[in-house]
Amino acid sequence: MKPKRIVVTLLIIAAIVAAVWLAGRTKTAKPVETKTVAIATLMSHPALDAVQENLKKELAKEGYIEGQNIRYLVRNASGQVQLAANIASELASQNADAVVAITTPMAQAVAKAARCPVVFAAVTDPVGAGLVKSLDHGEENITGTSDAWPYEDQLKLIRQISPNAKRLGVLYNPGEAASQYGIKEIKKFAPALGFEIIEGAVSSTTDVYPVAHNLAGRTDALFLSSDNTVIAGVASAIKVAVERKMPLYVGDSGTVEKGGLAAVSVGYAELGTKTGVIVGRVLKGEKNIPTVVAHGDEIYLNKKAAELMGVTLPEEVLKRATKVYEEIKE
Amino acid sequence: MNWLVPIDIGLTMGLILAWAVIALALAFRLLHFPDLTIEGSLPLGAAVFAALYKHDVPWPLAVFGAFAVGALAGSLTALLHVKFRMNKFLAGILVVAISYSLSLRLMGASNIGLLQLHSIFDTLEQWDKNFSGDFHVATIAFLAVLATVGAAFLLRGLSSLYGMRLRVAGSNPEYARSLGINALRKLVIGLAITNGLAALSGVLLAMKQGFADVGMGQGVLILALAAMTIGERLLPQRRLSMQAFVLVAAILGSILYQILVSYAVRAGLAPTDLKLATAVLVLFVIALRFSRNGELFEGGIK
C-alpha cells in the first residue's frame, strides 16, 4: 500500500543526505601547529584510566603540552559496545593526527572507521583481534601496545608460594576476549608446573562470590585471568579466600593492594607510557611501528592478605618483590 | 560544518539499527508480544555471520545463515510461550541467555575481528572518501534504499491476507481461533521474522564496526524501545495505516535517536553523564509531544 509514502520518505532522506553533503564540501581550515590526538575508550576502570593519564604525561615529556600544542578529544562509550562504531565514526571526522583506542572492541571499531593512524592500547591479543597480522611487523597505520599478562611467570610464582597446590581454580568471564586468551595461556603452561586447572565461569560481578565459593571447595588455590568482570567483583573472591584460608592469586598490582595475595603484574601506568612513546613516533610521521608488548616482571605481595589466608610467603619471594603491601586498602 | 557530522553518523547508525527497532515495533505493536529476544538475536546474528565468515563461507550465505539462526531464536521464544505457557518476558529472557552461550560457542571466542573482511561498507566508504569527504553519502544512500525496500516489502506482506491473519492472531487470539486461524503457528512465524530482522541488524552492525562481540547486544532493547517511542511520538499518524505507521515510526525513531546519541557523544560527555544525557534527550522529545493521543498512547496495548 501507499507507495507514495515510501517515495516521500526516500526523498526526504535524500534531501537530508544532499544537504549534509553540500555542507561537508566547505571544509574548515585547521590550525597548523596544534596536534590533535583523539582517545576512545570503552569504559572507565582504574587500570584503563592509568593508561590514559600516563600517555598524556609521556607526550608532555616529549614536548606536547595539553592546551598549547596538543589537543585531546576523549570519548568514552561507558561500557556500551554498540556505541563503539558511533564513537569511531565521530572521531574519524575530527581530522585528528592520531587516534588512540583503548580496549579490544574499541580498537577494532576505530581501525575500521579511521582515516588517520591508529594506536591501540590494552589489547590483550592484537593478532587474534585481527588488528595486526603479526606483533613484529606493524601495519602501515595501525600499531599499539598489548597488555597480555605474563601467565607463565604468574604460574611459576604460584608454584613457588604454594609448592603443594595441585588443583588451581581459575575465575574468568568467557564473554571477554582477554579471558578467552588468558584461560588458553593458563592451560598451556599449567601441566608443566604440575597444576590441574578447574575453571569457574562468571558472567557478571554478582556471580563471583558463588562461583569462587564453589571452586574453593574443590581446589587448593584460586587464580583469575585478566578479566574486567572478575576484577570488578574481586572483593567477594577475596572474602571467600579469607573464609576458606586459601590463597587467592591475582594479576595486577591494584588488586594486590586491595587484598589479593600476590601477582606478577603488567604495570598499566607503564603501558600508558609505552603507548605515549608510540603516539609520539606516530605524530612525527613514522609508519609500520611494531606492536609493543608490556612484559610485566614486577612482583607485588600483600602481607596482611597472606596472614588472613593462612599463607607463609617464602623469604626469597619477599626479596624479589617490587612492592610488599602491609595492609589491605578498602 | 562540523556540527553536522552527528547527523551523518546518526543516519548511518540509525539505518543500521532500524532493523532491530522494526523487529521490536512489529512484535510489540502488531503481534502484541513484548519481545525481549532481540537483545539476544542481534548479537547472535553477528556471531553466526562472523563464525561463518571465518570458515570461508561466502557472505550471502553467511547473511542468510544469520537470518535463519535469528529466526530460530525468535520461534523458540514463541514456542516456549505457546507450548509451555511461559510468561512472554521470561521466554524472551531465557532465549537471550541461550543466545549468549550459543554465540560464544559458535564464535569459539567472545570477539571476532572482521577487519580483513571487505564488506559493502568498505566499497561505499571508498566512494565517500573520493566524492563527499567527511560525509557518507553513498553509505547512507545504500542503507536508506535497503530500509525502504525492506519496509515496503514488509508492508506488502502485512497488508496481504496472510499478514492480516498474522495481526489478528497477535491482537486477538480468541477471535483468530474462531475464524479458523492457527494463532499459535502465526505467532511462531511472526517472531521468527522479527528476530531474523534483528539478526540482520547485527550483521550490518558487525560489518560496519569491524567486529562481532558477544557483548554487543547489551542495551539494544532499551535503545530500540526509546527509538520506537520517539518515532511514534513525532510521526503524524493521520493518513497512514497502522502497519505503515509502525514501520515508518521505527525507522524515523531509530535515526533520530542515533542522532541524539551522536550529539551527546560529540559533546565528549563524561561516561557517568552519557547515559543520563541520552535519557534526558529522549524524555525531552516525548515531553514535546505529550499531548498526543491515539491508539498507541493510551496505555499502549489494548
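Higher on the page you've got the structure.
Note that the structure is a prediction, hence the values are computed from the model and not measured.

1. Considering the overall build of chain A
Link 1 in the chain: Of the regular secondary structure elements, chain A holds 13 helices and 12 strands.
Link 2 in the chain: Expressed along its principal axes, the backbone C-alpha trace of chain A runs to roughly 70 × 60 × 35 Å.
Link 3 in the chain: Taking all 330 residues of chain A together, the buried fraction comes to 56%.
Link 4 in the chain: Contacts in chain A between residues at least 24 apart in sequence constitute 70% of all its contacts with a sequence separation of at least 6.
Link 5 in the chain: Charged side chains in chain A number 37 positive and 35 negative. The centres of these two groups are separated by 8 Å.

2. Here's the deal with the interface of chain B and chain A
The extent of an interface is frequently quoted as the accessible surface area lost upon association of the parts.
Link 1 in the chain: Between chain B and chain A, the contact holds 65 residues from the first and 52 residues from the second.
Link 2 in the chain: At the boundary of chain B with chain A, total buried surface from both sides reaches about 4900 Å², with 61% on carbon and sulfur atoms.
Link 3 in the chain: At the junction of chain B and chain A, the tally comes to 3 salt bridges.
Link 4 in the chain: The closest approach of N and O atoms between R115 of chain A and E125 of chain B, which form a salt bridge, is 3.1 Å.

3. Things to note about the side chain of T145 of chain A
Residues and elements named next belong to chain A.
Link 1 in the chain: With respect to the helices and strands, T145 occurs in strand 5 (residues 142–146).
Link 2 in the chain: Relative accessible area serves as the criterion here: at 1%, T145 is assigned to the buried category.
Link 3 in the chain: Here T275 takes part through its side chain, which lies 3.0 Å from a polar atom of the side chain of T145.
Link 4 in the chain: Discounting chain neighbours no more than four positions away, the residues touching T145 are F120, A121, A122, V123, L271, K274, T275, I278, T291 and V292.

4. Focus on the pairing of strand 3 (residues 98–102) of chain A
Residue and element names in this part refer to chain A.
Link 1 in the chain: With respect to burial, strand 3 is a largely interior element, 5 of its 5 residues being buried.
Link 2 in the chain: The side-chain alternation of strand 3 yields two buried faces, one formed by A98, V100 and I102 and the other by V99 and A101.
Link 3 in the chain: The pairing of strand 1 (residues 35–41) with strand 3 spans 5 bridges and is classified as parallel. Directly across from A40, in strand 3, lies its bridge partner A101.
Link 4 in the chain: As judged from the 4 bridges shared by strand 3 and strand 4 (residues 118–123), these two strands associate in the parallel manner. Within strand 4, the residue paired with A101 across the bridge is F120.

About the cut-offs
Residues numbered from 1 in each chain as written. Chains lettered and ligands numbered in written order. Predicted model: local features only at pLDDT ≥ 70, side-chain atom pairs only at ≥ 80, totals over all residues. Heavy atoms only, no water. Helix = DSSP H or I, 4+ residues; strand = E, 2+ residues; numbered from the N terminus. Buried < 20%, exposed > 50% of the residue type's maximum accessible area, 1.4 Å probe, protein only. Contact = heavy atoms within 4.5 Å. Lys, Arg positive; Asp, Glu negative; His and termini not counted. Charge placed at Lys NZ, Arg CZ, Asp CG, Glu CD. Buried area = accessible area lost by both parts, 1.4 Å probe. Salt bridge = Lys/Arg side-chain N within 4 Å of Asp/Glu carboxyl O. Polar contact = N/O pair within 3.5 Å; in protein donor to acceptor, adjacent residues only side chain to side chain. Pairing = 2+ DSSP bridges.

Any functional reading would require information that these geometric values do not contain.
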